Amino acid sequence: MAKFIVPKEIFHGLGSLENLKEIKGKKAVVVTGGSSVKKNGSLGNTIAYLKEANIESAVFEGVEADPSIETVLRGAEFFKQEQPDVIIGLGGCSAIDAAKAMWVYYEYPDSKLEDLAAPFAVKPLRNKAVFVAIPSTSGTGTEVTGLSVITDREKGTKYPIVSHELTPDIAIIDGDLCKSMPKNVTANTGLDALSHGVEAYVSNIADRYNDALAKDAISLVFKNLPTVVENPDNTEVRQAMHDASCMAGMAFTNVWLGIVHSMSHQVGGTFGVPHGCANAILMPNVIRYNASATDKYNDLAALFGKKTAEDFATEVEKLRTQVGVAPSFKEAGVDEKAWEEKLDTMVENALNDPCTLFNPKKPTASEIKAIYRACFNGVAYAE
Ligand SMILES: [Zn+2]
């Protein structure tokens, strides 16, 4: 038995932002990072469409990358003043994640971040407002997931808040909003979307509903990512990547991820390697490691007319090179001495990461260490 949870409404396609004209409400707060959505006009358009729906808006801007609990609390205070019945997260993953957490604090002002980080601790939402997510990057899929990651900078810890309560009510997947995404962000976030598809597809709780979404997302990324990195103004291709990211998001919010993410969270947190880049370095070797436990990579190799997990791992490496992402942590700029010093801690934390529970093969510490070492040096993992 399983359950499949996604937003009630997903508007998609170029120009689909216009669907804001149809939504119901009195007062909206738009939460955003700021500059890029202002520059490309999507913030202005959002406010104008809301006005056509007779919804008044207020804007909370300036959400930083890796949003902090302080920002979340400031946002919740702003919500308290403005009393919105519609919350709109507009922008990159950080803006949407922050808006989700602000929503929790708006509805439950006495919440504590440490408590919310316990699995499924969020109480029922939607007593005060509904949530609309409008992403302007194509990667995390946060517009359809029950996940928000908030950072406590004082403690130096990231808290993932996980609950289907956080799944937005409405998602708008409009590729026009992605035009201003820089080349390296396009490549990294696109590879993050690919890793969501691949990890969801081989998850140990995968099912055919999520397989269909994951597999098509994977094929969309392979077909479109090199083109969009070369031609950033091609909005049709931007839309295809935006759809891929959303579809991979729908799959992974239901069947979770595996050790690419467990291991990447550590490399990102310790050395600041961008999430999608770290995933792309880890993915081929995790495929080689997992291959003995699942034959599902063979289906993915078949997308290229090939047969084995090794064939698929090689295709991921080819794509990574094609879009200009480093093949190893060494080449991504991580210092070898610092790496060796942190390695044991990273191994331990990766083993304890919740994503490890859904990996098709249960790893040992020495196996994780061997995968990390191979990925540091850019060599193929072998048992
Ligand atoms: Zn990811």
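Residues numbered from 1 in each chain as written. Predicted model: local features only at pLDDT ≥ 70, side-chain atom pairs only at ≥ 80, totals over all residues. Heavy atoms only, no water.

- Under the annotation held in an unreviewed UniProt entry, the protein carries the name Iron-containing alcohol dehydrogenase and is attributed to Plebeiibacterium sediminum.
- UniProt, in the comment section headed Sequence similarities (unreviewed entry), describes the protein in these words: "Belongs to the iron-containing alcohol dehydrogenase family." (UniProt positions renumbered as here; feature names shortened; annotations may be inferred.)

## Quick look at the coordination of the zinc ion
Thought 1: Protein coordination at the zinc ion comes from Asp192 (OD), His196 (NE2), His261 (NE2) and His275 (NE2), with a distance range of 2.1 to 2.2 Å.
Thought 2: One can describe the site at the zinc ion as irregular: its 4 donor atoms subtend angles covering 85 to 169° at the metal.
Thought 3: If you list the donors of the zinc ion from N- to C-terminus, the spacing comes out as D-x3-H-x64-H-x13-H. In this pair, Asp192 sits in helix 6 (residues 183–202) while His275 sits in helix 10 (residues 275–290), placing the two residues 83 residues apart along the sequence. (Donors = N, O, S within 2.8 Å, 3.2 Å for Na, K, Ca; no water. Tetrahedral: all angles 85-135°; square planar, octahedral: opposite > 155°, others 65-115°. Helix = DSSP H or I, 4+ residues; strand = E, 2+ residues; numbered from the N terminus.)

## A short note on the side chain of His261
Thought 1: In this fold, His261 is placed in helix 9 (residues 259–271).
Thought 2: Using a relative accessible area of 2% as the deciding quantity, one classes His261 as buried.
Thought 3: Engagement of the side chain of His261 in a polar contact is seen with the side chain of Asn279, the distance being 3.4 Å.
Thought 4: Excluding residues that lie within four positions of it along the chain, His261 makes contacts with Asp192, Ser195, His196, Glu199, His275, Asn279 and Cys355. (Buried < 20%, exposed > 50% of the residue type's maximum accessible area, 1.4 Å probe, protein only. Polar contact = N/O pair within 3.5 Å; in protein donor to acceptor, adjacent residues only side chain to side chain. Contact = heavy atoms within 4.5 Å.)

## Some details on the packing of aromatic side chains
A ring pair, where both rings are aromatic, is described by two values, the distance of the centres and the angle of the planes.
Thought 1: Considering all chains together, one arrives at 13 aromatic pairs under this definition.
Thought 2: Ring geometry for Phe60 versus Phe78: centroids 5.8 Å apart, planes at 50°, classification tilted. In this pair, Phe60 sits in strand 3 (residues 56–61) while Phe78 sits in helix 3 (residues 69–82), placing the two residues 18 residues apart along the sequence. Like Phe78, Phe60 is buried. (Phe/Tyr/Trp six-rings, centres within 6.5 Å; stacked < 30°, edge-to-face > 60°.)

## Observations concerning the nonpolar core
Thought 1: Of all hydrophobic cores here, the largest spans 70 residues; its most connected members are Leu194, Met263, Phe312, Phe329, Trp339 and Tyr372.
Thought 2: Counting contributing residues per domain, this core is built from domain 1 (9–178) and domain 2 (183–377), each supplying no fewer than three.
Thought 3: In contact with Leu194, not counting residues within four places along its chain, are Ile218, Val221, Phe222, Met283, Val316 and Leu319.
Thought 4: Counting 31 residues, the second-largest nonpolar core is a separate cluster that includes Phe78, Tyr105, Ala133 and Leu166. (Core = buried A, V, L, I, M, F, W, Y, C linked by side-chain atoms within 4.5 Å. Domains from an automatic or database assignment.)

## Some words on the UniProt feature "domain: Fe-containing alcohol dehydrogenase-like C-terminal" (unreviewed entry) in the protein
Thought 1: Cross-referencing UniProt, the feature "domain: Fe-containing alcohol dehydrogenase-like C-terminal" (unreviewed entry) maps to residues 186–375 in the present numbering.
Thought 2: This span, residues 186–375, is 73% helix and 0% strand, and a straight line between its end C-alpha atoms measures 22 Å.

## Considering the sheet that holds strand 4 (residues 86–91)
Thought 1: In spatial order, the strands read 1-8-5-4-2-3; together these 6 strands make up an open sheet with parallel pairing. The sheet is open, and its two borders are formed by strand 1 (9–12) and strand 3, each paired with just one other strand. Put simply, the sheet's adjacent strands are angled 15° from each other on average, direction ignored.
Thought 2: In this structure, strand 2 (residues 27–32) lies alongside strand 3, joined through 6 bridges in parallel fashion. In the strand pairing of strand 3, Val29 is matched with Ala58. (Pairing = 2+ DSSP bridges. Axes fitted to C-alpha atoms, helices over the stretch in contact; angles between N-to-C directions.)

## Here's the deal with helix 12 (residues 309–322)
Residues separated by three or four positions in an α-helix point in the same direction, a consequence of the helix having 3.6 residues per turn.
Thought 1: Helix length check: helix 12, at 14 residues, gives a terminal C-alpha distance of 20 Å against a target of 20 Å (1.5 Å per residue), a fit within 8%.
Thought 2: Restricting attention to buried positions, one finds in helix 12 the residues Ala309, Phe312, Ala313, Glu315, Val316, Leu319 and Arg320. Angular distribution of buried residues about the axis of helix 12 spans 155°; they occupy a single face of the element. Among the exposed residues of helix 12, those oriented more than 90 degrees off its buried face are Thr321 and Gln322. (Expected span 1.5 Å × (residues − 1). Arc of directions from axis to C-beta.)

## Observations concerning the pattern of salt bridges
Thought 1: Applying the stated criterion to the full structure yields 18 salt bridges.
Thought 2: In this structure, Lys27 and Glu56 form a salt bridge, with 3.8 Å as the shortest nitrogen-oxygen distance. Separated by 29 residues along the polypeptide, Lys27 in strand 2 and Glu56 in strand 3 bring together distant segments of the chain.
Thought 3: Between Arg288 and Glu317 there is a salt bridge, and its shortest N-O distance comes to 3.1 Å. Pair noted here: Arg288 is in helix 10 and Glu317 is in helix 12, with a separation of 29 residues, a long-range link.
Thought 4: Residue Arg288 is classed as buried on the basis of its relative accessible area of 12%. (Salt bridge = Lys/Arg side-chain N within 4 Å of Asp/Glu carboxyl O.)

## Some points on the pairing of strand 5 (residues 130–135)
Regular strands place side chains that alternate from one sheet face to the opposite one.
Thought 1: In terms of burial, strand 5 is a largely internal element, 5 of the 6 residues being buried.
Thought 2: When strand 4 meets strand 5, the two strands line up parallel, connected through 6 bridges. Paired with Gly91 across the strands is Pro135, a residue of strand 5.
Thought 3: As paired elements, strand 5 and strand 8 (residues 170–173) share 2 bridges and run parallel to each other.

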